[in-house]
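# Examining the three-dimensional arrangement
Chain residues, written in single-letter form:
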Amino acid sequence: MNKLLAACLIVIISSAAIQTSAQEKQALRLVQTIPLPGVKGRLDHMAVDLEKQRLFVAAVTNNTLEVVDLGDGKVIKSLAGFKDTQDALFLGGDFNKLYVSSLDGHLRVFQGESFWLVRDFKIEPDSNRLFYDRSTNLIYFGYGGQNAGFDAYERLGILQPKPGAGYDQLVADMIAPTPRPGHLAQMAMDDNGILLACDSRADRIYQFNTRKRELIKSWPARGDGAGDMALDRSQHRLFVGTRTPPEMTVYDSLSGKEIQSLPAPETMDGVHYDANLKRIYMTGGRWYGTPGASPGRVYVYQQKDPDHYDLISKINTRPGSGTSLFVPELNRFYVASQALGDQDAAILVYEPVQ
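Residues numbered from 1 in each chain as written. Predicted model: local features only at pLDDT ≥ 70, side-chain atom pairs only at ≥ 80, totals over all residues. Heavy atoms only, no water.

## Topic: the overall build of the protein chain
Here is the rule we go by: Helical segments are the DSSP runs of H or I of at least four residues, strand segments are the runs of E of at least two, and each set is numbered from the N terminus. Only protein chains enter the accessibility calculation, which uses a 1.4 Å probe. A residue is then buried if its area is under 20% of the maximum for its type, exposed if over 50%, and partly exposed in between. We call two residues contacting when some pair of their heavy atoms lies within 4.5 Å. Working definition of accessibility: Shrake-Rupley area with a 1.4 Å probe, residue cover restricted to the visible protein chains. Here Asp and Glu are counted as negative and Lys and Arg as positive; His is not counted, and neither are the chain ends. In this description, the location of a charge corresponds to atom NZ of lysine, CZ of arginine, CG of aspartate or CD of glutamate.
What the protein chain contains, in helices and strands, is one helix and 28 strands. In the protein chain, which comprises 354 residues, the share counted as buried stands at 56%. Here the analysis covers contacts within the protein chain between residues at least 6 apart in sequence; of these, 45% occur between residues at least 24 apart. Element-wise, carbon and sulfur atoms account for 50% of the exposed surface of the protein chain, whose accessible area totals about 15,100 Å². Taken as two groups, the 38 positive and 41 negative side-chain charges of the protein chain have centres that lie 2 Å from each other.

The structure is reproduced here in structure tokens:
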């Protein structure tokens, strides 16, 4: 009887250990750390060149754009001359151009290999995120918000890129009215030319009709600091990260109805949807100059169905690691980690784990 009881206890304990191990399984695995030598201060958004395997990193405080060779895992170029570098966008193929935005009111266009300046669009301050719509061959970007001195509105610009050395053209903009000074951030394209954009200061989600080039509607985001988001276009689910409180909120992207809200990492600065694994990745750890930096973490959420999501994993990164980029074509998740104290700036490269 004692032997039978002991055997049963062993089975129970082993089973519990297996379950615990399964629960603690990390959804992302660190596979590489790419140093960014001499880069100081906050890092912002990133872009990728799939053809030549290059990563572009906006170094805000450093006033540079770092060009990383992903194959060799090293910086091959540091483009200077920016002020508060914000975002980058690379168009390959016949375009072969790099677009870089900065808060001081510039959207610069560079040749994709030599990096000579093709054109410098001098617009209103607050130029931020860049979004390319392949179906219409148009680039969208937010600008003209609080940093431009506007209290009640901001703009969403539309740029027509031209192949090669052709001159790109600013073709129009759309007005986003705000209840208080705002700052347009992340964008995503839904069906039928519906463009979604979030505002990290006015805390609103905007819905534009890009065919008519007009605002359809907007709705208040849950919480404050709604600066990043991702879209599951197949299910019309919008995932928005907020900083106060730190949450990931799911909305119906068509109606604006709130579906579910879950805890998120502190000082969020990146939200991405993995359509293959039906997961949402959210990074936190952006540093605001406070005495103690927030711990860097990635929260991973699993989509059970369009209306139900679970927080399945919390991965520690490094303090000052808020911004991120998911590249499904490479099956890689890049986290920008700034220099803090004895910690040098680097790009943390993760691989999704099933």
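Picking up after the structure, the text goes on.
## Topic: the sheet that holds strand 5 (residues 74–80)
Put simply, the rule is: A pair of strands is considered paired only if DSSP assigns at least 2 bridges between the two. Every axis in this analysis is a line fitted to C-alpha atoms, fitted for helices over the stretch in contact. Angles between the N-to-C directions lie between 0 and 180 degrees.
Here four strands make up an open sheet; going across it, the order is 2-3-4-5 and the pairing antiparallel. Sheet topology places strand 2 (43–49) and strand 5 at the edges, where each strand pairs with a single neighbour. The average undirected angle you get between the axes of adjacent strands in this sheet is 20°.

## Side note on the packing of aromatic side chains
Inclusion rule: Centres within 6.5 Å are what make two rings of Phe, Tyr or Trp a pair, Trp counting through its six-membered ring; a difference in plane orientation under 30 degrees is then read as stacked, over 60 as edge-to-face, and the rest as tilted.
Within this structure, the stated rule accounts for 10 aromatic pairs. Where F56 meets F90, the ring centres are 5.6 Å apart and the plane angle is 20°; that geometry is what we call stacked. Of this pair, F56 sits in strand 3 (residues 54–59) while F90 sits in strand 6 (residues 85–91), placing them 34 residues apart in sequence. Take F56: its relative accessible area is 0%, and that puts it in the buried class. Overall, the relative accessible area of 8% leaves F90 in the buried class.

## What to know about the sheet that holds strand 17 (residues 214–220)
Across the sheet, four strands lie side by side as 14-15-16-17; this open sheet has antiparallel pairing. If you trace the sheet from one side to the other, it starts and ends with strand 14 (184–189) and strand 17, each paired once. Across the sheet, the axes of successive neighbouring strands diverge by a mean angle of 20°, strand direction being ignored. Pairing geometry for strand 14 and strand 15 (residues 194–199), over four bridges, is antiparallel. Residue pairing in the sheet places A188 in a bridge with L196 of strand 15.

## Examining the side chain of D49
Applicable threshold: Counted as a polar contact is a pair of N or O atoms within 3.5 Å, where, for protein atoms, one must be capable of donating a hydrogen and the other of accepting one, and residues adjacent in sequence contribute only when both atoms are in side chains.
Take D49: it is sitting in strand 2. For D49, a relative accessible area of 1% gives the class buried. Side-chain polar atoms of D49 contact the backbone nitrogen of K52, separated by 3.3 Å. Each residue touching D49, except ones within four places of it in the same chain, is listed here: R54, F56 and F90.

## Quick word on the nonpolar core
Defined as follows: Side-chain atoms within 4.5 Å are what join buried Ala, Val, Leu, Ile, Met, Phe, Trp, Tyr and Cys residues into a set we call a nonpolar core.
Core analysis: the largest hydrophobic core is formed by 19 residues, its most contacted members being M46, L55, Y334 and I347. Within the residue set of this core, elements represented by two or more residues are strand 2, strand 3, strand 26 (323–327), strand 27 (332–337) and strand 28 (346–352). Core analysis: the next-biggest nonpolar cluster, separate from the first, contains 15 residues, L91, Y99, F141 and Y143 among them.

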